[in-house]
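Understanding the architecture of this molecule
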Amino acid sequence: MNSNSMFILIIIAFLFSLWAQFRVKGTFNKWAKVPVHNGLTGYDAARRMLDANGLQDIPIEPVKGSLTDHYDPIHKVVRLSETVYYENSISAVSVACHEIGHAIQHKESYPMLVLRHRMFPVVNFASRIAPFLLIAGFIFAATNLIGLGIIFFSAAVAFQLVTLPVEFNASNRARTIMIEQGFISNDEERGVAKVLNAAALTYVAAAIISILELIRYIMIFTSNRD
């Protein structure tokens, strides 16, 4: 594969990423207009799911922004965007329960989540320094710097790959518990799947772009050495 073909693939992957982000917002907005049959808000569903799994000590906080929902493993708190925290839609309940899926992973020491947490300090440093090493390497035609940059960038790519099973597992846990606990009806399961699958696409797209970028850097590195 030559550099032109690789560049085209990266552009395609970038466009796919934009489409994935657009789909997440569109899917969330669509199902945000559909209330769940039992009237549960995102907060209600999250609180019940935490309590049912022995996590009564974990608080749930509303935060500003759109799709800013996350589980903070350091402070052991679930933060839900206001559109999720206060609303009783399929989107709100789906996203809220997905974040609780991460809290349950943390409690059970889900291996891939544990690995991601252990990788984070290294990846946080590597992802910051990698661009400077690569840029300096390309400017000064220093293959050693490019090679070092590739190693650091590889750590960030590995982190994104580890993130994929963590996210998919959290969604699967959420869907299973939502059905078992009666948070959603059989008719609502389709909407839940749409919301969670759309969200997963963004992680897949990010991983694809990173992998292609890594391959591109390796190709440049190899060609410079030759």
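A brief look at the structure comes next.

Calculation criteria
Residues numbered from 1 in each chain as written. Predicted model: local features only at pLDDT ≥ 70, side-chain atom pairs only at ≥ 80, totals over all residues. Heavy atoms only, no water. Phe/Tyr/Trp six-rings, centres within 6.5 Å; stacked < 30°, edge-to-face > 60°. Helix = DSSP H or I, 4+ residues; strand = E, 2+ residues; numbered from the N terminus. Buried < 20%, exposed > 50% of the residue type's maximum accessible area, 1.4 Å probe, protein only. Expected span 1.5 Å × (residues − 1). Bend = angle between axes of the 7 residues up to and from the residue. Contact = heavy atoms within 4.5 Å. Pairing = 2+ DSSP bridges. Axes fitted to C-alpha atoms, helices over the stretch in contact; angles between N-to-C directions. Salt bridge = Lys/Arg side-chain N within 4 Å of Asp/Glu carboxyl O. Parallel < 35°, antiparallel > 145°, perpendicular 65-115°, else oblique. Left-handed = near helix turned anticlockwise from the far one by under 90°. Nonpolar A, V, L, I, M, F, W, Y, C, P; charged D, E, K, R; others polar.

What follows covers the packing of aromatic side chains. In total, this model carries 7 aromatic pairs according to the counting rule given. Between tyrosine 43 and tyrosine 85, the ring centres sit 5.1 Å apart and the planes meet at 40 degrees, which makes this aromatic pair tilted. Taken as a pair, tyrosine 43 in helix α2 (residues 42-52) and tyrosine 85 in helix α3 (residues 82-85) lie far apart in primary sequence, 42 residues in all. Of the residues examined, tyrosine 43 reaches a relative accessible area of 27% and is grouped as partly exposed. For tyrosine 85, a relative accessible area of 15% corresponds to the buried category. With 6.2 Å between their ring centres and 40 degrees between their planes, phenylalanine 138 and tyrosine 217 make a pair best called tilted.

In this model helix α5 (residues 111-139) runs 41 Å from its N-terminal to its C-terminal C-alpha over 29 residues, within 8% of the 42 Å that 1.5 Å per residue would give. Where α5 bends most, at phenylalanine 120, the angle is about 45 degrees, and the proline proline 121 comes one to four residues later. At its buried positions, α5 is contacted by α4 (90-108), α6 (143-180) and α7 (189-225). Alanine 141, located one to two residues past α5, shows a positive phi value of around 55 degrees.

On to the environment of phenylalanine 22, then. With respect to the secondary-structure elements, phenylalanine 22 resides in helix α1 (residues 3-31). Of the residues examined, phenylalanine 22 reaches a relative accessible area of 61% and is grouped as exposed. Expressed as a C-alpha distance, the spacing of phenylalanine 22 and threonine 202, which sit 180 residues apart in the sequence, is 9.5 Å.

Take the sheet that holds strand β1 (residues 60-63) next. In spatial order, the strands read β1-β3-β2; together these 3 strands make up an open sheet with mixed pairing. Two strands close off the open sheet at either side, each with one partner strand: β1 and β2 (70-72). The mean angle between the axes of side-by-side strands here comes to 30 degrees, regardless of whether they run parallel or antiparallel. One ladder, built from 4 bridges, connects β1 with strand β3 (residues 77-81); its direction is parallel. Counterpart to isoleucine 60 in the pairing with β3 is valine 78. This element, α4, spans β2 and β3 of the sheet and lies at about 25 degrees to β2.

Our focus in this paragraph is the pattern of salt bridges. What the rule picks out here adds up to 7 salt bridges. When the shortest N-O distance is used, the salt bridge between arginine 216 and glutamate 213 registers 3.7 Å. Note that arginine 216 and glutamate 213 are positioned in helix α7 at a spacing of 3 residues, about one turn of the helix. Using a relative accessible area of 28% as the deciding quantity, one classes arginine 216 as partly exposed. Via salt bridges that share partners, Glu61, Asp72 and Arg79 belong to a single interconnected network.

Of all 5 residues that make up β3, 5 are buried, and the element is covered over most of its length. Burial along β3 is two-sided: Val77, Arg79 and Ser81 facing one way and Val78 and Leu80 facing the other are all buried.

Glancing now at the packing of α6 against α7. Helix-helix packing: each pair is described by the crossing angle between the helix axes and the interaxial distance. Contact pair α6 / α7: the axes reach a minimum separation of 9 Å and the direction vectors enclose 165 degrees. As summarised for this structure, α6 and α7 are arranged roughly antiparallel, according to the angle between their axes. In the packing of α6 onto α7, the handedness of the crossing is left-handed. Residues of the contact of α6 with α7, tallied by class, amount to 22 nonpolar, 9 polar and 5 charged.

Here we come to the packing of α4 against α6. Following both chains from N to C, one finds α4 and α6 inclined at 110 degrees, their axes separated by 7 Å at the closest point. Comparing their axes, α6 and α4 come out roughly perpendicular. The handedness of the crossing between α4 and α6 is right-handed. Side by side, α4 and α6 meet where Val93, Ser94, Cys97, His98, Gly101, His102, Ile104, Gln105 and Glu108 of the first sit next to Val166, Glu167, Asn169, Ala170, Ser171, Arg173, Ala174, Ile177 and Met178 of the second. Grouping the amino acids of the contact of α4 with α6 by side-chain chemistry returns 8 nonpolar, 7 polar and 3 charged.

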